[in-house]
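Examination of the molecular architecture
Residues per chain are reported as follows:
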Amino acid sequence: MESISEHQTAGHSEMVYPDSAYGSSAMDTDTEDGQILSTSTSSYDEELMHKTILVGDSGVGKTSLLVQFDQGKFIPGSFSATVGIGFTVRASVVALVVNIIQRANGDPACSSGDIIRCASTNEYFDIAFKVMLLGDSAVGKTCFLVQFKDGAFLAGSFIATVGIDFRNKVVTVDNVKVKLQIWDTAGQERFRSVTHAYYRDAQALLLLYDITSKSSFDNIRAWLTEIHEYAQKDVVIMLLGNKSDMANERVIKREEGEKLAREYGVPFMETSAKTGVNVELAFLAVAKELKHRAVHQPNEPKFQIHDYIESQKEKSSCCSFL
Ligand SMILES: Nc1nc2c(ncn2[C@@H]2O[C@H](COP(=O)(O)OP(=O)(O)OP(=O)(O)O)[C@@H](O)[C@H]2O)c(=O)[nH]1
């Protein structure tokens, strides 16, 4: 029998943000995307939040008990074993259903490792990770996220993010559905204490500067110091030089970005939230890295994020040297 902690270390122990594997809870309005201004919009006090875990043999009725508690109804029909772990949130209760992983013959979830098959209200996913966008104000974090999520560019006047905001997107990596919960933070100094609180359970951080802004590049070192102070030790970090479409206003050479990234041992690429260059690649590379860490097949070679990026990235700024 696998221990509960083994399931939790598969990247899911901190799933306390508003979500529900069962599609209906007091907090479902926030399931897909949400905005948090200076503090959580949750209707409960996170200080007082507790997890309750339902354990017991397969088929004893843990899921039915939870659905009855959460939705006040009984799911009739044939028994469908929980694969991995599911959870639901009620105003003051977080309940987890834990089953021994069912290594059922031919079940893709089981055969690809100890992963979790869950459903948010409208999209199935196997495994979920929290990603944060960091960097100075106006480097393009919100546009970067909107480009990835909706394939559109937010042109027009700049409206600074207040506090923190998130969007979910599910991507498929090696037949595994990976849900990225992407947190867009406010770059302005005055929101720093709010955003620090969210670093702790992020599995990946995308750190952006603007290739037309020297100060945003110079501040990257300070951002990295902050990351080392507040984030998990093994967090995946990626450095991104955004606005690569603005060749005429470039003040930071691509080589400078590459050098800084090498110094800190993090992957790097230039991106454009406007044209979409390398936006999807940045998130896909992170999703692949996190998925390989969580679900590692015995005979699978270690995923090399640097090599993957080098082989995939578009050299968007090839012709725009200073
Ligand atoms: N040309 C160009 N403009 C961009 C790009 N990304 C963002 N912008 C513009 O830069 C400005 C700031 O973009 P935001 O995405 O709001 O910046 P932010 O980093 O989220 O800023 P804060 O919310 O204050 O942290 C906006 O006017 C965008 O239209 C890009 O890749 N190319």
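The rules we used
- Residues numbered from 1 in each chain as written.
- Predicted model: local features only at pLDDT ≥ 70, side-chain atom pairs only at ≥ 80, totals over all residues.
- Heavy atoms only, no water.
- UniProt positions renumbered as here; feature names shortened; annotations may be inferred.
- Helix = DSSP H or I, 4+ residues; strand = E, 2+ residues; numbered from the N terminus.
- Contact = heavy atoms within 4.5 Å.
- Areas by Shrake-Rupley, 256 points an atom, 1.4 Å probe, with all protein chains shown as cover.
- Near = heavy atom within 4 Å.
- Buried < 20%, exposed > 50% of the residue type's maximum accessible area, 1.4 Å probe, protein only.
- Core = buried A, V, L, I, M, F, W, Y, C linked by side-chain atoms within 4.5 Å.
- Phe/Tyr/Trp six-rings, centres within 6.5 Å; stacked < 30°, edge-to-face > 60°.
- Lys NZ or Arg CZ within 6 Å of the ring centre and 35° of its normal.
- Arc of directions from axis to C-beta.

With an unreviewed UniProt entry as reference, the chain is termed small monomeric GTPase, source organism Megalops atlanticus. Comment text from UniProt for the chain, heading Sequence similarities (unreviewed entry), reads "Belongs to the small GTPase superfamily. Rab family." What the UniProt record of the chain gives under Catalytic activity (unreviewed entry) is the line "GTP + H2O = GDP + phosphate + H(+)".

**What to know about the overall build of the chain**
Along the backbone of the chain there are 10 helices and 12 strands. Residue pairs in contact within the chain that sit at least 24 positions apart in sequence constitute 72% of those at least 6 positions apart. For the chain, the exposed area adds up to about 15300 Å²; of that, 52% sits on carbon and sulfur atoms.

**Observations regarding the site of the ligand**
Taken together, 24 residues lie near the ligand, and Ser137, Lys141, Thr161, Gly187 and Asp245 sit nearest. Out of a free accessible area of 650 Å², the ligand has 91% covered by protein chains. Among the elements that make up the shell around the ligand, the one with the highest residue count is helix H4 (residues 141-150) (3 residues).

**Let's talk about helix H5 (residues 192-199)**
Most of H5 is tucked away: 6 of the 8 residues are buried. For H5, the complete set of buried residues consists of Arg192, Val194, Thr195, His196, Tyr198 and Tyr199.

**Some points on the nonpolar core**
Of all hydrophobic cores here, the largest spans 36 residues; its most connected members are Phe144, Val178, Leu180, Leu206, Met238 and Phe283. At the level of secondary structure, the elements contributing two or more residues to this core comprise strand S7 (127-134), H4, strand S8 (164-173), strand S9 (176-185), strand S10 (204-210), strand S11 (236-242), helix H9 (279-294) and helix H10 (305-312). The greatest single-element share of this core, amounting to 8 residues, is contributed by H9. When near neighbours in sequence (up to four residues on either side) are disregarded, Leu180 contacts Phe129, Val131, Phe148, Arg167, Asn168, Lys169, Val171, Phe283 and Ala287. Judged by nonpolar contacts, the second largest core, of 27 residues, contains Ile164, Trp183, Trp223 and Ile252.

**Some words on the packing of aromatic side chains**
Scanning the entire structure with this criterion turns up 8 aromatic pairs. With 5.4 Å between their ring centres and 35° between their planes, Phe144 and Phe283 make a pair best called tilted. Within this pair, whereas Phe144 is found in helix H4, its partner Phe283 is found in helix H9, the two being separated by 139 residues in sequence. Relative accessible area serves as the criterion here: at 0%, Phe144 is assigned to the buried category. Taking the relative accessible area as the measure of exposure, Phe283 reaches 0% and is therefore buried. For the ring pair Tyr209 and Phe268, a centre distance of 6.4 Å and an interplane angle of 5° mean the geometry is stacked. Here the residue Tyr209 occupies a position in strand S10, and Phe268 occupies one in strand S12 (residues 268-270), the gap between them amounting to 59 residues. The burial state of Tyr209 is the same as that of Phe268; both residues are buried. Members of the aromatic cluster, each reached through a chain of ring pairs, are Phe144, Phe148 and Phe283. Across from the ring centre of Trp183, 4.8 Å away, lies the NZ or CZ of Lys130, which sits over that ring.

**Observations concerning H10**
Note that an α-helix has 3.6 residues per turn; residues three or four places apart therefore point the same way. Every buried residue belonging to H10 is among Ile305, Tyr308 and Ile309, and all of these are buried. Burial along H10 is one-sided: seen end-on, the buried residues are contained in an arc of 95°. Away from the buried face of H10 by more than 90 degrees, exposed residues Asp307 and Ser311 are located. Taken together, the buried residues of H10 touch S11, S12 and H9.

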